[in-house]
Amino acid sequence: MNKIVIALGGNALQEAGKPATAQAQLEVVERTSVYIADILEKGYRIVLAHGNGPQVGRLVIQNEYAEPVTPAMPFDVCGAMSQGMIGYHIQQGLSKVLHSRGNRTPVATLVTQVVVDANDPKFQNPSKPIGPFYSEEEAAAIAAEKGYVMKEDAGRGWRRVVASPMPVEIVELDAVRCLVDNGFIVVTVGGGGIPVVRNAEGDLEGVAAVIDKDLASERLAEDLDVDALVILTAVEKVSINFKKPDQKDLDTLSVAEAKRYMAEGHFAPGSMLPKIEAAVKFVESKPGRKAIITSLDKAALALEGKAGTTIQ
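Note that this is a predicted model, so its numbers are computed, not measured. (Residues numbered from 1 in each chain as written. Predicted model: local features only at pLDDT ≥ 70, side-chain atom pairs only at ≥ 80, totals over all residues. Heavy atoms only, no water.)

K.L.:
Break down the overall build of the chain for me, with residues and values.
P.N.:
Looking only at helices and strands, the chain features nine helices and 17 strands. Its C-alpha atoms give the chain a radius of gyration of 19 Å, within 12% of the compact-globule value 20 Å for 312 residues. Dimensions of the chain along its principal axes, counting C-alpha atoms only, are 50 × 45 × 45 Å. Residues classed as buried in the chain amount to 50% of the 312 residues present. In the chain, of all internal contacts separated by at least 6 residues, the share reaching a separation of at least 24 is 73%. Here the chain contributes 33 positively and 40 negatively charged side chains, and the mean placements of these two sets differ by 6 Å. (Helix = DSSP H or I, 4+ residues; strand = E, 2+ residues; numbered from the N terminus. Rg over C-alpha atoms; globule rule 2.2 N^0.38 Å. Buried < 20%, exposed > 50% of the residue type's maximum accessible area, 1.4 Å probe, protein only. Contact = heavy atoms within 4.5 Å. Lys, Arg positive; Asp, Glu negative; His and termini not counted. Charge placed at Lys NZ, Arg CZ, Asp CG, Glu CD.)

Here it is, written out as structure tokens:
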């Protein structure tokens with residue numbers, strides 16, 4: 001039985017233009033779960049990862065606005081809260097879909113810490129978008145008021161950005177492996193994992209950052225020695241010259257081609273670029289491994305080579 005890591009994109013958790021309520025998120029997750037169940041029933045063992053950009057951003061906002069009446073939680077704690085919240089919804093939504101099909105595969109969420117290097121240069125250059133989108137004027141006002149770094153995000157609007165250090169070690173890896181080996185669908189490294197550093201005594205301490213979920217998923221896929229890394233996003237295929245008259249969608253992509261296109265600037269930072277970086281890193285890590293980038297609704301077909309972009 002093939003073992004795969006699936007990294008869920010934001011559209012698998014939240015629908016654009018809809019209210020960011022718990023009920024709305026659960027409804028989206030239930031629709032997402034239909035596609036995950038389809039893959040499971042093809043015989044795959046699945047480990048799920050997911051992003052948390054909008055959710056952790058809103059938790060930070062909630063904490064800041066409530067500060068006059070209750071202490072605000074630090075950023076890493078908000079990350080842990082988002083892991084629990086999203087994992088809970090995936091457990092509910094996926095279990096509901098599986099039960100409707102007579103499938104009793106258990107689903108479990110593991111709150112996961114991921115070690116980063118305290119000296120990672122990415123702490124000096126915040127790049128990871130979190131929270132809602134703003135107009136340029138709104139972003140300027142927020143930056144002036146709160147001192148946040150605000151950047152334009154792939155033509156979709158302006159968002160707050162925080163540091164996005166590289167994942168080094170998944171602290172709860174043995175627990176993930178144990179659950180997978182005992183038949184669980186495991187939801188882990190949610191939002192890229194809670195970023196932690198080791199202090200002088202070797203103990204873990206949380207830091208204010210967001211690890212890219214695609215790069216954390218790659219670290220997870222390598223460490224679990226899975227057969228494929230499946231990165232789900234809003235588009236069916238990777239493109240070069242994206243949104244230009246000469247846009248070209250790619251069915252397959254070699255590592256050499258991917259590196260050339262990255263160097264030529266075809267992929268937006270904070271959007272497609274980390275997905276390509278994660279795919280290349282995974283494919284290079286061991287002969288025979290493949291990575292797939294595609295949309296949620298095409299994921300099952302992409303695993304058969306009939307959709308999406310396969311990097312090999």
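K.L.:
Residue-level account of the sheet that holds strand S7 (residues 158–162), with values.
P.N.:
One open sheet accounts for three strands, arranged S5-S7-S6; its pairing is antiparallel. Of all the strands in the sheet, just strand S5 (128–134) and strand S6 (149–152) have a single pairing partner and so form its edges. Each strand of the sheet is rotated relative to its neighbour by a mean of 40 degrees, with strand direction disregarded. Sitting on the sheet, helix H2 (residues 53–65) touches S5 and S7, and the angle it makes with S5 is about 70 degrees. The strands touched by helix H4 (residues 136–146) are S5, S6 and S7; relative to S5, the strand with the most contacts, the crossing angle is about 120 degrees. (Pairing = 2+ DSSP bridges. Axes fitted to C-alpha atoms, helices over the stretch in contact; angles between N-to-C directions.)

K.L.:
Please set out the sheet that holds strand S9 (residues 185–187) residue by residue, giving values where relevant.
P.N.:
Within a sheet, adjacent strands bond to each other through the backbone by hydrogen bonds, running parallel or antiparallel. On the basis of which strands lie adjacent, the open sheet formed by eight strands has the order S3-S9-S2-S1-S12-S16-S17-S15 and mixed pairing. Sheet topology places strand S3 (107–109) and strand S15 (252–253) at the edges, where each strand pairs with a single neighbour. Pairing of strand S12 (residues 228–233) with strand S16 (residues 290–295), which is carried by six bridges, proceeds in the parallel orientation. By the bridge assignment for S16, Ala228 is matched with Lys290. Contacting strand S1 (3–8), strand S2 (45–50) and S9, helix H1 (residues 22–40) runs over the sheet at an angle of about 170 degrees to S1.

K.L.:
With reference to specific residues and values, describe unusual backbone geometry.
P.N.:
Despite not being glycine, Asp225 shows a phi value in the positive range, around 55 degrees. Mapped onto the fold, Asp225 is located in the loop between helix H6 (213–224) and S12. When its relative accessible area of 40% is taken as the criterion, Asp225 is described as partly exposed.

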